[in-house]
Structure formats: structure tokens, C-alpha cells
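Topology and contacts: notes
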Amino acid sequence: MPEGNTTAHHVKELKGVGPKVSESLSLLGIKTVQDAVFHLPYRYEDRTKLTALGEAPYEIPLLIEGEIIKSTVVFRGRRMLFTEIYDGTGRLTMRMFNFAFAQHKALKKGSRIRCYGTIRHGPSGKEMIHPQYQVFERTDSVEVDKSLTPVYASTSKLQQGRLRKIISGAISYCEANNLFKEERTKESDDEFSDIFQALKFIHNPPADIDLNVLLSGNHPAQKKLIKEELIAHMLCAGILKNELEGREGPIMRTKSSKEGLFLKSLDFQLTNAQNRCWDEICNDLTAQSPMRRLLQGDVGSGKTLVGALAALHTADNDWQTAFMCPTEILAEQHHQTLSEWFSPLDLKVAILTGSTTASKRKKIVSELEEGVIDILVGTHALFQKDVIFNRLGLTIIDEQHRFGVHQRFSMLEKGGSKKRSPHQLIMTATPIPRTLAMTVYGSLETSIIDELPPGRKPVTTSSRPSSMRDKVMKRIEEVCLEGQRVYWVCTLIEESEELEAQSAEELFLDIKKSVPNIKTGLVHGRLKKKEKDKVINEFREGEIQLLVCTTVIEVGVDVPEATLMIIENPERLGLSQLHQLRGRVGRKADSDSHCLLLYKDPLTAIAQERIKTMEETNDGFVIAEKDLELRGSGDIYGVRQSGLMDLKIADPIRDSDLLEFAQEEAIRIAKTDEPFAKILVDRWVGTKVDYSES
Ligand code: ADP
Ligand code: MG
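What counts, and where the lines are drawn
Residues numbered from 1 in each chain as written. Chains lettered and ligands numbered in written order. Predicted model: local features only at pLDDT ≥ 70, side-chain atom pairs only at ≥ 80, totals over all residues. Heavy atoms only, no water. Buried < 20%, exposed > 50% of the residue type's maximum accessible area, 1.4 Å probe, protein only. Helix = DSSP H or I, 4+ residues; strand = E, 2+ residues; numbered from the N terminus. Pairing = 2+ DSSP bridges. Phe/Tyr/Trp six-rings, centres within 6.5 Å; stacked < 30°, edge-to-face > 60°. Lys NZ or Arg CZ within 6 Å of the ring centre and 35° of its normal. 1 Å grid on protein atoms, 1.4 Å probe; cavity = no way out; pocket = protein on both sides within 12 Å on 5 of 7 lines; lining within 4 Å. Points joined across faces, edges and corners; volume = space filled by probe spheres on them. Nonpolar A, V, L, I, M, F, W, Y, C, P; charged D, E, K, R; others polar. Axes fitted to C-alpha atoms, helices over the stretch in contact; angles between N-to-C directions. Core = buried A, V, L, I, M, F, W, Y, C linked by side-chain atoms within 4.5 Å. Contact = heavy atoms within 4.5 Å. Left-handed = near helix turned anticlockwise from the far one by under 90°.

**A word on the pairing of strand 14 (residues 392-398)**
In terms of residue burial, strand 14 counts as a mostly covered element, since 7 of its 7 residues are buried. In this structure, strand 11 (residues 320-324) lies alongside strand 14, joined through 5 bridges in parallel fashion. Bridge assignment links Thr-321 to a residue of strand 14, and that residue is Leu-394. The pairing of strand 14 with strand 15 (residues 423-428) spans 5 bridges and is parallel. Looking at the pairing, Ile-397 lines up with Ile-426 of strand 15.

**Some points on the packing of aromatic side chains**
Two aromatic rings, taken as a pair, are described by how far apart their centres are and by the angle between their planes. Scanning all chains against the criterion turns up 6 aromatic pairs. Ring centres of Phe-38 and Trp-684 lie 5.0 Å apart, and the angle between their planes is 75 degrees; on these two criteria the pair is classed as edge-to-face. Placement of the pair is Phe-38 in the loop between helix 2 (33-37) and strand 1 (43-45) and Trp-684 in helix 23 (residues 674-684), with a sequence separation of 646 residues. Judged by relative accessible area, Trp-684 falls into the buried class, the value being 3%. Put simply, the rings of Phe-38, Phe-180, Phe-196 and Trp-684 pair up and form one aromatic cluster. The positively charged end of Lys-126 is found above the aromatic ring belonging to Tyr-58, 5.6 Å away from the centroid.

**Examining the layout of surface pockets**
Empty space within the second largest pocket amounts to approximately 1200 Å³. Contributing to the lining of the second largest pocket are 37 residues, with Phe-268, Thr-337, Trp-341, Asp-558 and Pro-560 lying nearest its centre. For the lining of the second largest pocket, the secondary-structure elements that each account for two or more residues are helix 10 (303-316), helix 11 (328-342) and helix 17 (529-541). It is helix 11 that provides the largest number of residues to the lining of the second largest pocket, a total of 7 residues. Across the lining of the second largest pocket, the residue classes tally to 12 nonpolar, 13 polar and 12 charged.

**Regarding the sheet that holds strand 7 (residues 125-129)**
Judged by pairing direction, the sheet is mixed, and its 7 strands sit side by side in the order 6-7-4-3-2-5-8 without closing on themselves. Two strands close off the open sheet at either side, each with one partner strand: strand 6 (120-122) and strand 8 (132-136). On average, adjacent strands in this sheet sit at an angle of 45 degrees to one another, irrespective of strand direction. The sheet contact formed by strand 6 and strand 7 spans 3 bridges and is antiparallel. By the bridge assignment, His-121 is partnered in strand 7 with Lys-126.

**Re the nonpolar core**
Nonpolar side chains in soluble globular proteins generally cluster together in the buried interior. Grouped together as the largest cluster of nonpolar side chains are 55 residues, with contacts concentrated most on Leu-14, Leu-25, Val-37, Phe-180, Leu-225, Leu-235 and Trp-684. With 9 residues, helix 7 (residues 220-244) is the single largest residue contributor to this core. Each residue touching Leu-14, except ones within four places of it in the same chain, is listed here: Val-33, Ile-166, Gly-169, Ala-170 and Tyr-173. In terms of nonpolar packing, the next biggest core, distinct from the first, is built from 39 residues, Cys-282, Leu-295, Cys-325 and Ile-375 among them.

**Here's the deal with helix 18 (residues 575-582)**
Along helix 18, 6 of the 8 residues are buried, which leaves the element largely enclosed by surrounding structure. Buried within helix 18 are the following residues: Leu-575, Leu-578, His-579, Gln-580, Leu-581 and Arg-582.

**Remarks on the packing of helix 18 against helix 19 (residues 605-616)**
Axis separation between helix 18 and helix 19 bottoms out at 10 Å; the angle between their running directions is 35 degrees. The handedness of the crossing between helix 18 and helix 19 is right-handed. Residue-level contacts link Leu-575, Leu-578, His-579 and Arg-582 of helix 18 to Arg-610, Thr-613 and Met-614 of helix 19. When grouped by side-chain class, the residues that make up the contact of helix 18 with helix 19 number 3 nonpolar, 2 polar and 2 charged.

Take a look at the structure:
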């Protein structure tokens, strides 16, 4: 193996990485040492200084330390552990739902405790829910960290601490083995023109760094990596474009009577915008080259129907459609809708997700390969190797922002060959600036549904502080008794699905208690599919009137009868996410719908501005613009977290000033240095990703 070849070193060469850990790492896309050092932190924790409780702000992660005054287990619908802490300037309660007896025992009165977490308003003043903590004796002297703590995307099987060690081991490994050596530019004085120096810095920023510089993505080390990543994605888009150039798409010239029958069977007419978009798509389908089209339209604009028309046309021409959804709930919903629409027309619609049983899966896979299935709706499960289409003609990707470049590639490979490639339709409610779509995706045409179905009244939005919760509950009770259906969305704890689910459960019990005569249900990400299904169906049927849910409901769930949505702690979400959520109501013609933002005082200036924007406008494009404008400080991970693109560090909107440079560089590198182009693509985008696990 040539020295410096970074791709050839398997993670197993690192200390502490055995078969088990290596398997967990591969779930994160980390197979080589290089993958490990390019697994970049998505945020940092600052445990380099202590904050006095007396002046500790809310809603900002911080490190506190104090003496344990009391630690008690209480019962409030469920077991909880309350630990009271005092640091000479103020008090704080640490609250836990999930704890072992030994944990309780270790929280001895008089011991010192250090907690890292976010302070919230609790029933008895300042509290932290499930913070990371460390208990020590009063006499121990424990130093604070010397550098910021990186936080990485991980899986439940791999703890942060472990992953941190592995990555830092990978960095030492690169150093010892002189990897990246050939790339070190000597002519420049700037230390971060060296990719490896930039990487080292990013994984381990010193304590004295200005966190704001890091948060705004303006540090030279970040800039170096951002530029490289953008270049890599552009190279990749270029490669994709070249690959596809000259390929043929399935030609679909037949237009049967089914389209007319289908449209007649609907109890509404297409909007002009839907008609126009369908025309544009239909033109692409009948042309010789494969379609690459983005269908953009605000929530509720009726994208599904346009996608369905494309699938119907595809089936009419004897080709199959893959309908990809980001979540199981959404897949099930689309499956149901499409089945209702198309079974009278003798089309076979099936669904495949991670929770499809083995026997059903077997049947579907074989029917798919035989060509019996016309439309297969599903989640990431569709990427699995043994899922083989007989004649894949069209891939529809709904709410595309959840899928990355890999998946787009992988779906093209699935139905294609060197000569042919299926059509691709990407549906999204997130407006993607055209320049961005062009540079990062290669060529992509856009159709826009810029009109909502008639009779739709805009969702009115208002906000109340959570101190008015009791009043709100009363109002909800009335509304439910009138027969309306209500979503109650809680956004309690970010980052951990498990904790979020727990808090949702707690909230659910709370709500049930305050409105005992209303039928109430609960869904969150941790429920089994069967349970989730059951609850959502009951809500759809009206057997449940009040649905308590986490943001799992955000993407695409469609229950037209729901007319009221309460969003608790809206200050925790970005504008676009709030708008998406709100789009779950107001889906029925001629009914008034309302969204109530139940916020926690005091709000930051940005949160105030967001809430004001929500109250003032319903226009998805205005919202998207405002979102970008407000994102600026402190919330830079928005785009990446929402997964607009599968990027590790670049934020194409924040970093839009670099796009042009990156584009020029990509063209130059593609022309003059093909091996380097390969290195970059391999490093940032990867080529082979195994989805069989997802
Ligand atoms: P989105 O664009 O957010 O995916 P959907 O496709 O889920 O929106 O459509 C929202 C709702 O509007 C669905 O219940 C759908 O059946 C309905 N709908 C779609 N097109 C029309 C139309 N032209 N007239 C009336 N209702 C429509
Ligand atoms: Mg949709």
C-alpha cells in the first residue's frame, strides 16, 4: 500500500476498534481511518468554564457546579428523581425519568456535582432534565476542560465518549503514518491551507477560541474544509451529469384513458398550478432523455397528486415507480392514498419499509422483480440490494431534503444501466435557490406549484406564553367537544429521541389529566410501527380527538379534519420547521384552521422575530427567506440538521459567497488533476455506501 493513501486504512487498524465497534462505525458511514477523521463534529459543548447559577441564562447549554442539598424519588404519574443543587449563588433541580438505584445512591447529600445541560423553567424553578453529570467529593479538585468538546453524529450503540476517543485516535494514526502528507501545500503561510491542520483544529478547538466565530462558520480552518467539501460536491454533480449525459430515459408515449378516469374519480379539480406542473413533467416523460426535475410547492399545495399522476402515466407505459419517503408514517400514508386512488384502475401498489415482516417482504421483493407491482412506496428500505425492480421507470423522492446525494446515486444505479437511467422527480416544500440546485445537483429543472387548492383558508397563527396553559387547555376542550381534531406537538428535548419520547409521555399524562373527557392519543418516534399506525388511524377516523405528538408528525402527515395545532416550545424550532408543522392543519376546504404557539418566556430576540413572522405570513417563500436571515447567529446547523443536503460542514446558504469559487475550482481540478478530483469525491461524498442496514 503506497504511503499516504488515506483510503486504504481500515478502522480496525485503530486501537479499541474490534469487530463490534467497527460494525457500529460502519452504520455511521465510517469504514476507513479517513472516514473517521472526516466525521466532523456538528456542534461543540463548552465545558471549559463554570457558570454561577445565580446568573445562569435559560435555554443555553452550560456547565454548573454545586453541592447536593437533597435527592429524592417522587411519583407524579411516573417515577422521577429530583436532585437539588445549590452553588452559593442560586439553586437548580436536576430531574431524571430514567435512573438506576445506584445512581440515586451516588447522589449523596453534601457531595459536589457538576452538570452540563440546558436550564429550563421547571415546576420548582430552574431545572435541568437529564444533564450529563459528574459527582465528586467536596475535597476533590477537578479541573474544567481545556478545549471545547466536539459532538458527533452517532448511533445508540456508540457513546460519544467512545466515538471521541476513536476519532482522536484516528487523527494520531494519520499523523504517525504521514497520511495527507502529499497534499500539504508548502508555498502558503496560512496554517489552515493544510487540510490536516484544519481537521485537527475542527476536532479539538482550544478553549480560548471565540465560539461565535466557530458558530458563524468563519474560522479559517472551517473555511478550508467548507471550500473542499463544496468543490467535492460540485465535482460529484459534474460526474453525475457526465454519467447521465447521453443516457436514455424510459420513453413513455402512451396515454391511456386511465388518466381521465382517475381525474374524474377525484372530488376536486386540479389547480392551474398542478395542471401546469403535470404538463411539464409529462413532457419530460415522453422525451428521450431521463427527467431530473424538482417539484417545489408549499405544504398543502398538492404535490402528492402530481407525483401520483406521473406514477400512473409510468404504469400506463408498463414501467414501475419507486416512491421514496423519508419516514414510515409518510410512506404508509402515501401507500394508503395511492391504493385508494389506483386500485379501481387495476394498478398494484405495495409498500416496503423497515418494519415490513419477513414473509411479506419476501412476497413483495419477488412480485417486484416479476413486475407485478406497479408502484412501490417505501423508505430507505428500498435501497437494499435485494430489492430489484423489473422495469424501474420513475423514482419519486418525497420531501427530498431528508435524502442525500448517495441515495440519489444509488437509486439511479438501481434502475439504470450504462445506457439507460430512470426518470427522477424530487418533491420538496423547501425552496432551494436555483443557483444552488444547479451547482450542487448538476442540472435539475424546476416546477413550482405556486397556488393552494381553492377554498383553503390560510392557517391563522397566534402565540401565548405557557403561563396561559390552563386557559389554552380549556379552549381545547371546547373545540374537541365541538368535534374538531387537534394536534398537540411537543418539542421538549432535542437530540435524544428517547428523552423526547419520554417527555412526550409525561406531557401526554398531564394533558389526559386536565381534559379527562377528551379522547387523547400519543405518537412519538420510539413507538412500534403497529402502535403508531393504530393511533394515527384512530386520529384519522376521529376516535381520537387530541393527538399529542413529537415532531415526527412534521413531514407530510395528512388528516384534513384536524383544524387546530398547538406547538409547545416553538422557540426550539426553526421557522421552516414550524411552517412545515403548521402545514398539517388547514388542509380542508372551507374550514378555519388555527395554529397556537405556546412559548416559554423569556424569548430571545430571534425567537420573538420567528414567532412574529409565523403570525404575520403563510407564504412559504417569505418564511424560507426570513429563516435564512434569522439563522445567522447561533443556529448555523439548521440547514445541515434538516438535511437539506448531505453535507458535513458546508452550509450552501451561509457559505453562498464560496459557491462561485468552488465551482471554478471544481472545473479546474476536473480538467487538470483527475486523481485529486477522485480523492476529494471519495473523501467528502464517498462512493459506495451500504444501505442494507437502514
Ligand atoms: P403537499 O404538497 O404538502 O404534499 P398534499 O399532496 O399532501 O400536499 O395535499 C394536501 C391535501 O390537498 C390532500 O388532502 C390532497 O388530497 C388535497 N388536494 C390536492 N390537490 C387538490 C386540489 N386540486 N383541490 C383540492 N384538494 C386537493
Ligand atoms: Mg407531501
